[in-house]
Amino acid sequence: MGLIRLPLRLLSKLNSFLLTIGSVIATLALAFMVAFVIYQIVMRYAFNTAPAWTEEGARFLMLWMTGLVAPLGYRKGGFVAIDLVQTALPRLLSAILSLILLALAMLTLIYAFIIGWSEITGFAGRFATASIYFPWPGAEGLEWIRAPRSYMMASLVVGSVLMISVNIELILRVLAGEGLPSETSVLLDKSKQPVMEGE
Amino acid sequence: MLWMFPFFLLAILVGLPIFFALLVAPGIFLVITDAGSATTLWRNVYNGIGDSFILIAIPFFLLAGEIMNRGGITLRIVDFAQALVGHVRGGLAHVNVTSSIFFAGMSGSAVADTSALGTMLIPEMERNGYSRKFAAAITGASSVIGPIIPPSGILVIYAYVIEGVSIRDLFLAGIAPGILIGLSLMAVTAIFADKFKLPPAKRVEFEHRTLPIHEDILARILARIDMAILLYMFASGYFFVAGLGQEDATQINDIFAPLLAAVAGADGEAPIAIAALIYALPFFAVGELLFMFFRRRMSEERRIIFKRAVLPLQTPLVILSGILFGVVTPTEAAALAVAYALFISLFVLRSMKMSDLPGVFSRAALSSAIVLLLVGAAVAFKTAVAIAQAPDIAAEFVLGLSQNPLILLFLINILLFVVGMFLDVAPAIFILGPILAPIFIGFGVDPVHFAIIMCVNLTVGLATPPMGLVLFMAAAVSGERVETISKAILPFLAVEFIAILVITFVPAISLFIPNLINQVL
């Protein structure tokens, strides 16, 4: 058992660390998405100009938000599944079924990573985004260049790497005889209500 | 080729998360049949999430709901519902449903409604002599109104999947069916009060509720503006329903002519803002009279409760009027709703602190990421479905069953109800929407009406076992077992199914509001 427990503990720590960072970035991304869209409205009505980058920028952030925080959702059991069969089966069979399902998930994720990687390094990734500019050191100091689409696509690739890591953790948890998180855990997390009135 | 579907269903039933099932099934299908490569799937997931500005509305609506939830707004809404219906027998049950209706106007998610209202109302109901399972059941059953009344993440997704229906029309069409479901739940509660062993009616007492002066003033102003807009809507609705035409409009204009002439500038035209004000004057006047009328019939305590509800209840108005008048896109309206919710809970109600913000934003980011990933996977699945020519095969099959659209609609109701038991709403819309919508639109069913049939049906599925997120949430907040709630919720599900049939076979329920407003505006 120690053979599984130790890597499980280490991986669990690593995942907690990575996913905390991911969650912080995703939170900021959401805040900036709101800001971009509000800015777009203000510019349109107050200054009669429609900035080109707000919409694509918000989509850029949304992709990164998804890629960075969805793995946390997976870890907390937020990916809804029907657990009727698993709870009905005896323990050993249930664990075997869990492992088969996790293996299927793993296969999907690895595929997603391989395809995603070839996409960002390939043809499609080299196209530039329409309106997102990044400062880049050029011949005469910093120049604003258009970001390639791969910067956007990378969000899902990073997401699949994080999810692979979570998936390995989940497999180890089953092997160590621990239960998997159920969807109620992520729901309950949301239901932590504050005190009712602040007035 | 169609084995993809049984495989998909089997994978879900044995417990594979829907996200993976949506990718594994078509992935294997594409590789085996050589109909395409898995790269197509990846591109669809990516484009599905990142290629649309409309989808950004989903995280925004979730965020606005989360802020409202946090910002002490739930209590105000519940108070307001208490003041309206709290005094009848089974008062708190009616309060629960009424609050769900109001809450639906602020958040687009049933699970969030169950969590917000359940945490507050289930313990309160237990204290007042309701059984816990009844309290949990009515909370769950009524929270499905959340995604039907706008704003609604589900309707946004539907408009994203099915081309040719606008979010604006869908939002308008959802209002009446949502209220209908609420009313039918209240009717069941009232009729079977004895059977549910509901406690007798009692006077509603509010513990000391206060209203700071700045909010008082703001609430008074906003309430008057709302009333004027409402009266304007009624007046213009009447104008069209009564079939009045251009001549009558000229007559009405004549009444205002002297006033307009009085303020006219050198060019003989009144400045537009002042002209608008003059036209608005009668509505404000009638509104003021109505306020005076109700004011005398209401205790001081109740007036405060009403005023406290004014600011929170502006959220649905901000969203709807923004979209209705074409001032902003749905996504922008959602962002405005977030900004408004932040503004009032931070600065006016002061029920939220800056330090609460990270938590609120990160929870909203987490739940939207899960939904968005599901949307991406569903887009990929939809592509594979199209490659498998499933829509044609399904259409042939459906048309083979019957040629009578009424019978088919009934069958579809049952199908969607069953699908709703197992699938979450978003994937179900992606999988079945592109297959079913063209068939029924071909039969002459209005696209907007069909959207509502589908969404209401699938949403009610959120409260049905074995996979009802709302049930899980109700169990989580009440501490009652899912199985017990599943039994207690049956009478409500039955009446919701009847309401679905009524919504299906009486198109006017969904369509009269959008039709009327599209004529007026």
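Refer to the structure above for everything that follows.
Here we summarise the structure given alongside this text. (Residues numbered from 1 in each chain as written. Chains lettered and ligands numbered in written order. Predicted model: local features only at pLDDT ≥ 70, side-chain atom pairs only at ≥ 80, totals over all residues. Heavy atoms only, no water.)

1. Some remarks on the overall build of chain B
Turning to step 1, where the next piece is worked out: Summing up its helical and strand segments, chain B has 25 helices and zero strands in all.
Turning to step 2, where the next piece is worked out: Scaling as 2.2 N^0.38, a compact globule of 521 residues should have a C-alpha radius of gyration of about 24 Å, and chain B matches this with 25 Å.
Turning to step 3, where the next piece is worked out: Its C-alpha atoms give chain B principal-axis dimensions of roughly 80 × 60 × 50 Å.
Turning to step 4, where the next piece is worked out: For chain B, the exposed surface amounts to about 20,500 Å²; the carbon and sulfur share of it is 68%. (Helix = DSSP H or I, 4+ residues; strand = E, 2+ residues; numbered from the N terminus. Rg over C-alpha atoms; globule rule 2.2 N^0.38 Å. Areas by Shrake-Rupley, 256 points an atom, 1.4 Å probe, with all protein chains shown as cover.)

2. What to know about the pattern of salt bridges
Turning to step 1, where the next piece is worked out: Under the defined criterion, the tally for this structure stands at 13 salt bridges over all chains.
Turning to step 2, where the next piece is worked out: Its salt-bridge partner being Glu215(B), residue Arg76(B) comes within 2.9 Å of it at the nearest N-O pair. A residue pair is termed long-range when its members are at least 10 positions apart, and Arg76(B) in helix 5 (residues 73-85) and Glu215(B) in helix 11 (residues 213-241) qualify at 139 residues. Taken individually, Arg76(B) and Glu215(B) each receive the classification buried, so the pair is uniform in this respect.
Turning to step 3, where the next piece is worked out: Measuring nitrogen to oxygen at the nearest pair gives 2.8 Å for the salt bridge that ties Arg127(B) to Glu124(B). Here Arg127(B) pairs with Glu124(B), and both are found in helix 7 (residues 110-127), just three residues apart, close to one helical turn.
Turning to step 4, where the next piece is worked out: On the accessibility criterion, Arg127(B) (62% relative accessible area) is exposed.
Turning to step 5, where the next piece is worked out: The class of Glu124(B) is partly exposed, set by a relative accessible area of 27%.
Turning to step 6, where the next piece is worked out: It is possible to trace a salt-bridge network through shared partners that takes in Arg75(A), Glu169(A) and Arg173(A). (Salt bridge = Lys/Arg side-chain N within 4 Å of Asp/Glu carboxyl O. Buried < 20%, exposed > 50% of the residue type's maximum accessible area, 1.4 Å probe, protein only.)

3. As for the side chain of Ser152(B)
All names here are of chain B.
Turning to step 1, where the next piece is worked out: Secondary-structure assignment places Ser152 in the loop between helix 8 (132-143) and helix 9 (153-161).
Turning to step 2, where the next piece is worked out: Residue class for Ser152 comes out buried when judged on its relative accessible area of 0%.
Turning to step 3, where the next piece is worked out: In terms of polar contacts, Ser152 uses its side chain to reach the backbone amide nitrogen of Ile154, at 3.3 Å.
Turning to step 4, where the next piece is worked out: Apart from residues lying up to four places away in sequence, Ser152 is in contact with Gly108, Pro147 and Phe171. (Polar contact = N/O pair within 3.5 Å; in protein donor to acceptor, adjacent residues only side chain to side chain. Contact = heavy atoms within 4.5 Å.)

4. Notes on the packing of aromatic side chains
All names here are of chain B.
Turning to step 1, where the next piece is worked out: Enumeration according to the criterion identifies 19 aromatic pairs over all chains in this entry.
Turning to step 2, where the next piece is worked out: Summarising the aromatic geometry, the rings of Tyr232 and Phe283 are spaced 5.7 Å apart at their centres and angled 90 degrees between planes, so their arrangement reads as edge-to-face. Placement of the pair is Tyr232 in helix 11 and Phe283 in helix 13 (residues 272-296), with a sequence separation of 51 residues.
Turning to step 3, where the next piece is worked out: Overall, the relative accessible area of 22% leaves Phe283 in the partly exposed class.
Turning to step 4, where the next piece is worked out: Ring geometry for Phe293 against Phe294: centres 5.4 Å apart, planes inclined by 75 degrees, an arrangement best described as edge-to-face. (Phe/Tyr/Trp six-rings, centres within 6.5 Å; stacked < 30°, edge-to-face > 60°.)

5. Notes on the packing of helix 1 (residues 4-13) of chain B against helix 2 (residues 18-33) of chain B
Describing two packed helices takes the angle between their axes plus the distance from one axis to the other.
Residue and element names in this part refer to chain B.
Turning to step 1, where the next piece is worked out: Put simply, helix 1 and helix 2 touch, their axes get as near as 9 Å, and they point 150 degrees apart. In terms of their interaxial angle, helix 1 and helix 2 are classed as roughly antiparallel. Judged by the twist between their axes, the crossing of helix 1 over helix 2 is right-handed. For the pair helix 1 and helix 2, contact is made by Met4, Phe7, Phe8, Ala11 and Ile12 and by Ile18, Ala21, Leu22, Val24, Ala25, Pro26, Ile28 and Phe29, respectively.
Turning to step 2, where the next piece is worked out: Of the residues contributing to the contact of helix 1 with helix 2, the split by class is 13 nonpolar, no polar and no charged. (Axes fitted to C-alpha atoms, helices over the stretch in contact; angles between N-to-C directions. Parallel < 35°, antiparallel > 145°, perpendicular 65-115°, else oblique. Left-handed = near helix turned anticlockwise from the far one by under 90°. Nonpolar A, V, L, I, M, F, W, Y, C, P; charged D, E, K, R; others polar.)

6. Here we look at helix 13 of chain B
Residues and elements named next belong to chain B.
Turning to step 1, where the next piece is worked out: Over its 25 residues, helix 13 extends 36 Å from the first C-alpha to the last, a length consistent with the 36 Å expected when each residue adds 1.5 Å.
Turning to step 2, where the next piece is worked out: Among the residues making up helix 13, those that are buried are Ala275, Ile278 and Gly287.
Turning to step 3, where the next piece is worked out: Buried residues along helix 13 sit against helix 11 and helix 12 (246-263). (Expected span 1.5 Å × (residues − 1).)

7. A word on the nonpolar core
Turning to step 1, where the next piece is worked out: Formed by 233 residues in total, the largest nonpolar core has its most connected members in Phe60(B), Tyr158(B) and Phe492(B).
Turning to step 2, where the next piece is worked out: By residue number, the principal contributor to this core is helix 17 (residues 357-387) of chain B, which donates 19 residues.
Turning to step 3, where the next piece is worked out: Apart from residues lying up to four places away in sequence, Phe492(B) is in contact with Phe134(B), Ala137(B), Ile138(B), Ala141(B), Leu185(B), Val188(B), Thr189(B) and Phe196(B).
Turning to step 4, where the next piece is worked out: Listed in part, the five residues of the second largest apolar core include Ile4(A), Leu8(A), Leu11(A) and Ala176(A). (Core = buried A, V, L, I, M, F, W, Y, C linked by side-chain atoms within 4.5 Å.)

8. A look at a nonpolar patch on the surface
All names here are of chain B.
Turning to step 1, where the next piece is worked out: Together, Phe397, Leu401, Leu406, Ile407, Phe410, Leu411, Ile414, Val418, Ile498, Val502, Phe505 and Val506 line one region of the surface with nonpolar side chains, adding up to about 1,000 Å² of accessible area.
Turning to step 2, where the next piece is worked out: Mapped by element, the contributors of at least two residues to the nonpolar patch are helix 18 (390-401), helix 19 (405-422) and helix 24 (490-505).
Turning to step 3, where the next piece is worked out: Mapped onto the elements of the fold, Leu411 is located in helix 19. (Patch = residues over 30% accessible without salt bridge, like charges linked within 9 Å, V, L, I, M, F, W, Y side chains within 5 Å.)

9. Details of the interface of chain B and chain A
Turning to step 1, where the next piece is worked out: Counting residues at the interface gives 74 residues for chain B, matched by 65 residues for chain A.
Turning to step 2, where the next piece is worked out: Linking chain B to chain A there are one salt bridge.
Turning to step 3, where the next piece is worked out: Across the pair Arg44(A) and Glu332(B) runs a salt bridge whose closest N-O atoms are separated by 2.9 Å.
Turning to step 4, where the next piece is worked out: Where chain B meets chain A, there are two residue pairs in polar contact (both at pLDDT 80 or more).
Turning to step 5, where the next piece is worked out: Its residues assigned to classes, the side of chain B that touches chain A shows 49 nonpolar, 14 polar and 11 charged.

10. Considering the packing of helix 5 of chain B against helix 6 (residues 91-104) of chain B
All names here are of chain B.
Turning to step 1, where the next piece is worked out: Running from N to C, helix 5 and helix 6 cross one another at 125 degrees; their axes reach a closest spacing of 8 Å. With respect to each other, helix 5 and helix 6 are oriented oblique. At the point where helix 5 passes helix 6, the crossing takes the right-handed sense. In contact with Thr74, Ile77, Val78, Phe80, Ala81, Gln82, Leu84 and Val85 of helix 5, helix 6 contributes Gly91, Leu92, His94, Val95, Thr98, Ser99, Phe102 and Phe103.
Turning to step 2, where the next piece is worked out: When grouped by side-chain class, the residues that make up the contact of helix 5 with helix 6 number 10 nonpolar, six polar and no charged.

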